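Coordinates in review
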Amino acid sequence: MNIKHYLDSTYLKTAAQAGLSEEDNNTIVKGFIQEAIEEGFKLIMIRPDKVKIAREMITAAKSKLLIGTVISFPEGTNSVEEKLVEAHKAIEDGVDELDYVCNYEAFKKGNLDLVKNEIYRGTRLAFENHKTAKWIIEVAALTDAQIIQITALIKNVIITGFEEECYANVFVKSSTGFYETENNQPNGATVHSIILMLENASPLPVKAAGGVRTYDEAAEMISLGVKRIGTSAAKTIANGEIATSNY
């Protein structure tokens, strides 16, 4: 097993969040992109305004590295129209995969029609442009029952709205890595939450994002059945070392 093929190397901090100037933050972004190219990771996951930078670097390197970006990040509360505008711009800039933050707060309030609509339309936009869609459900904000319900909802929208050959290109993804929990509770993927997702997402694939900090933890997630792992410490994990980052 080449674990690098499962790893989405991730850097999603804005300059303000990193406490850096825009120039210094761009330097970090470029470093992550270059590392992902050199290490042969599956994908580089960056903010929408960095997609052009990544596309230029990947093209120059003649690399097969995929580019992913986040939409309505990290809260997921933008309207479906706003999400589509943001996604369309990322497509124009050269993105390969769109990781939408599902409006999980609307889901928790019972506004299921809104959530179903954004999942269908966001996924349709991705497919119309030959892109992969992922839907982030933010497991740390949900109860077990809610994880099961929203995962099943996403699955049902996809299997009723799209052809079977499309299923492999719509992921249910665990976390943004930016959700603030109480009492130092995990804010990313856990074995427990991933099992719930896997049991209810099939035939859609699952991405474990955040919380995976060692090679053994990554291997365990893969053995459970996840197809992708999002981490800001991809090289550390691939080298068999222990990551110290929160994502």
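Structure's up top.
These notes cover the structure that comes with them.

What counts as what
- Residues numbered from 1 in each chain as written.
- Predicted model: local features only at pLDDT ≥ 70, side-chain atom pairs only at ≥ 80, totals over all residues.
- Heavy atoms only, no water.
- Phe/Tyr/Trp six-rings, centres within 6.5 Å; stacked < 30°, edge-to-face > 60°.
- Helix = DSSP H or I, 4+ residues; strand = E, 2+ residues; numbered from the N terminus.
- Buried < 20%, exposed > 50% of the residue type's maximum accessible area, 1.4 Å probe, protein only.
- Lys NZ or Arg CZ within 6 Å of the ring centre and 35° of its normal.
- Core = buried A, V, L, I, M, F, W, Y, C linked by side-chain atoms within 4.5 Å.
- Contact = heavy atoms within 4.5 Å.
- Salt bridge = Lys/Arg side-chain N within 4 Å of Asp/Glu carboxyl O.
- Pairing = 2+ DSSP bridges.
- Right-handed = clockwise from strand over helix to strand, strands pointing away.
- Axes fitted to C-alpha atoms, helices over the stretch in contact; angles between N-to-C directions.
- Left-handed = near helix turned anticlockwise from the far one by under 90°.
- Nonpolar A, V, L, I, M, F, W, Y, C, P; charged D, E, K, R; others polar.
- Disulfide = S-S within 2.5 Å.
- Expected span 1.5 Å × (residues − 1).

1. Re the packing of aromatic side chains
All told, the structure shown has five aromatic pairs when counted by the stated rule. Between Tyr11 and Phe32, the aromatic rings sit 5.0 Å apart at their centres with planes inclined by 35°, giving tilted as the arrangement. Pair noted here: Tyr11 is in strand S1 (residues 7-11) and Phe32 is in helix H2 (residues 22-39), with a separation of 21 residues, a long-range link. Overall, Phe32 belongs to the buried group, its relative accessible area being 16%. Considering the side-chain rings of Tyr100 and Trp135, the 4.5 Å spacing of their centres and the 10° angle between planes classify their relative orientation as stacked. Taken together, the positions of Tyr100 in strand S4 (residues 97-101) and Trp135 in strand S5 (residues 132-136) put the pair 35 residues apart, joining distant regions of the chain. Here Tyr100 and Trp135 have matching classes, each one buried. Through successive ring pairs, a cluster of aromatic residues spans Tyr120, Phe127 and Phe162. Over the ring of Phe171 we find Lys134; its NZ or CZ atom is 5.9 Å from the centre of that ring.

2. Here we look at the nonpolar core
Counting residues in each nonpolar core, the largest one holds 78 residues, and the members touching the most others are Ile44, Leu98, Ile119, Ile137, Ile158, Ile194 and Val226. Tallying contributions element by element places helix H7 (residues 144-161) first for this core, with six residues.

3. Description of helix H8 (residues 191-201)
Of the residues making up H8, those classed as buried are Ser193, Ile194, Leu196, Met197, Leu198, Asn200 and Ala201. Of the surrounding secondary structure, the elements contacted by the buried residues of H8 are H7, strand S6 (170-173), strand S7 (206-209) and helix H9 (215-224).

4. Some points on the pattern of salt bridges
Under the criterion given, the structure shown has 17 salt bridges. Linking Glu118 and Lys83 is a salt bridge whose minimum nitrogen-to-oxygen distance equals 2.7 Å. Of this pair, Glu118 sits in helix H6 (residues 112-128) while Lys83 sits in helix H4 (residues 80-93), and the two are 35 residues apart along the sequence. Of the charged contacts in the structure, one is a salt bridge between Asp93 and Lys89, with a shortest N-O distance of 2.7 Å.

5. Some thoughts on the pairing of strand S2 (residues 43-46)
Where burial is concerned, the two faces of S2 agree: the one with Leu43 and Met45 and the one with Ile44 and Ile46 are both buried. Pairing of S1 with S2, which is carried by four bridges, proceeds in the parallel orientation. Within the sheet, the bridge partner assigned to Tyr11 lies in S2 and is Ile46. Direction of pairing for S2 relative to strand S3 (residues 66-71): parallel, over a ladder of four bridges. Opposite Ile44, over in S3, you have Ile67 as the bridge partner. At this point the chain moves from S2, through helix H3 (residues 51-61), to the parallel S3, and the crossover so formed is right-handed.

6. Description of the packing of H7 against H8
It is the contact of H7 with H8, at a shortest axis distance of 8 Å, that shows an interaxial angle of 35°. In the packing of H7 onto H8, the handedness of the crossing is right-handed. For the pair H7 and H8, the contacting residues are Asp144, Ile147, Ile148, Thr151, Ala152 and Lys155 in the first and His192, Ser193, Leu196, Met197, Asn200 and Ala201 in the second. Split by residue class, the contact of H7 with H8 holds six nonpolar, four polar and two charged.

7. Quick notes on the pairing of S6
Judged by which residues are buried, S6 turns out to be covered on both faces: Val170 and Val172 on one side and Phe171 and Lys173 on the other are all buried. Pairing between S5 and S6: four bridges, direction parallel. Its bridge partner lying in S6, Lys134 is registered against Phe171. Note that the unit made of S5, H7 and S6 has a crossover that is right-handed.

8. Observations concerning the state of the cysteines
If you walk through the whole model with that rule in mind, you get zero disulfides. Left without a disulfide partner, Cys102 is nearest to the cysteine sulfur of Cys166, which lies 19 Å away. The exposure class of Cys166 is buried, given its relative accessible area of 18%.

9. Side note on H2
For H2, spanning 18 residues, the distance from its first C-alpha to its last is 26 Å, which sits close to the expected 26 Å at 1.5 Å a residue. Those residues of H2 that sit buried are Asn25, Asn26, Val29, Phe32, Ile33, Ala36, Ile37 and Glu39. In this structure, the buried residues of H2 make contact with S1, helix H1 (15-18), S2, H3 and helix H10 (234-238). Immediately downstream of H2, the backbone of Gly40 shows phi near 75°, a positive value.

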